[in-house]
Amino acid sequence: MKKSYLLFAVAMAASVLMSGCGDKKDISSVDASKYVKLGDYKGLSVSVNDTTVSDKEVEETVSSNLSAKGTMTAVTGRAVQNGDTVNIDYVGTKDGVAFNGGTAQGYDLVIGSGTFINGFEDGLIGHETGEKVALNLTFPENYGSAELAGQDVIFDVTINSISENVVPELDDAVAKELDPEVSTKEEYIAKIKANLEKSKQESARSEVYGDLLEKVEANSEIVSGNELPSWLIDSIVEEQKTTFEANIKAYGMTMESYLSSFGMTQEQLEEEIRTYAESYAKQELLVHALAQAEGIKVTDEDLKKAYAEYAEKYGYASVDAFLSTLKEHKGEENFKEATLTEAVEKFLFDNAKIENPEMVTWTED
């Protein structure tokens, strides 16, 4: 299946709100009701994802954080175990001939990571430093290389060394190293749980808001194709192209290498960008139609509050620092659009039928 460029672009972008277009026409000046015939949008039924944080989730997060503080220590006197890091040399051959990509020296492999094909990592368990191990394996049928898919091969592996991650026990001193704002391990665990709860609540809130907007869109009639404002489509296309190309460059890639890695042509990429632009334009028109119908507006005070919340959430030194970055990337209009969209989604939520209200554990300002 072809991967969507949008998934890659989202993964690369520092923030969607940072993308902007200096000459983008203000959509708020458009009568959105000319393009959208609203259906039912009040009293919609919706459920909220579970926001409960279990003790197991807290323990797993603490364990992961402690592992990151661990020290790699050389292992002597025992064989390879699951979780060890082994330094290996290996040569892979098919029918006695080494194949491309199947040879390496001094490679650090975490046993149990699933980095290599089935049987490779498990085949090293029980062997010791200095041993040479021959692994008779078969590449999976759906392997990316047609030359190797489903083929029987042999990996001749030399185990150069074995290391393990020695993880510290959680005590007050380690807790303070992990988070200077706490004084005891109990405070640290409580903070981890609070952060997990906040993350789940934000995710649930975002998801239910999006679900409601999707339901409204399904109930409404929105123009498409040539009936959509061409200037709006074109501005979104240009904005996405500019942001996408900048992100590609920031990751040290060329457009040619990106297209090759995703198996796409330039024409296919541009078609996907335009398809996205049409979908996004319809959503913008829907949001503005709802805002018009209910008299929802974004005031200067609303923006100031949103700036402050965003600056704090993403660790900016000050609101002014965030605004400076926003202006540098010409993202003011996008930020205002995002703020309006959230206000509309909140209106829909406030007027919805929540099937499991006990899961609404966040607070609305």
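Cut-offs used in this document
Residues numbered from 1 in each chain as written. Predicted model: local features only at pLDDT ≥ 70, side-chain atom pairs only at ≥ 80, totals over all residues. Heavy atoms only, no water. Helix = DSSP H or I, 4+ residues; strand = E, 2+ residues; numbered from the N terminus. Contact = heavy atoms within 4.5 Å. Buried < 20%, exposed > 50% of the residue type's maximum accessible area, 1.4 Å probe, protein only. Pairing = 2+ DSSP bridges. Salt bridge = Lys/Arg side-chain N within 4 Å of Asp/Glu carboxyl O.

Asker: Go over the side chain of Thr85 with me, naming the residues and quoting the values.
Answerer: Within the secondary structure, Thr85 sits in strand β4 (residues 85–94). Ignoring anything within four residues of it in the chain, the contact list for Thr85 reads Met72, Asp108, Leu109, Val110, Ser161, Ile162 and Ser163.

Asker: Can you break down the environment of Glu221 residue by residue, with the values?
Answerer: By the secondary structure assignment, Glu221 is in strand β8 (residues 221–222). The exposure class assigned to Glu221 is exposed, which follows from its relative accessible area of 54%. Expressed as a C-alpha distance, the spacing of Glu221 and Val53, which sit 168 residues apart in the sequence, is 40 Å.

Asker: I'd like a rundown of the pairing of β4, residues and numbers included.
Answerer: With 8 of 10 residues buried, β4 lies mostly within the body of the structure. In the sheet, β4 pairs with strand β5 (residues 97–110) via 8 bridges, with the strands oriented antiparallel. For Asn87, the partnering residue across the bridge sits in β5 and is Asp108. Two successive antiparallel strands, β4 and β5, enclose a turn made up of 2 residues, where Asp95 displays a positive phi of approximately 55°. Here β4 runs beside strand β7 (residues 152–166); their pairing, made up of 9 bridges, is antiparallel.

Asker: Go over the pattern of salt bridges with me, naming the residues and quoting the values.
Answerer: Counted by the stated rule, this structure contains 13 salt bridges. Between Lys69 and Glu177 there is a salt bridge, with the nearest N and O atoms lying 3.1 Å from each other. Here Glu177 lies in helix α4 (residues 172–178) and Lys69 lies in the loop between α2 (55–68) and β3 (71–74), a separation of 108 residues in the sequence. We classify Lys69 as partly exposed; its relative accessible area is 36%. In this structure, Glu164 engages Arg78 in a salt bridge whose closest nitrogen and oxygen atoms are separated by 3.3 Å. Placement of the pair is Glu164 in strand β7 and Arg78 in the loop between β3 and β4, with a sequence separation of 86 residues.

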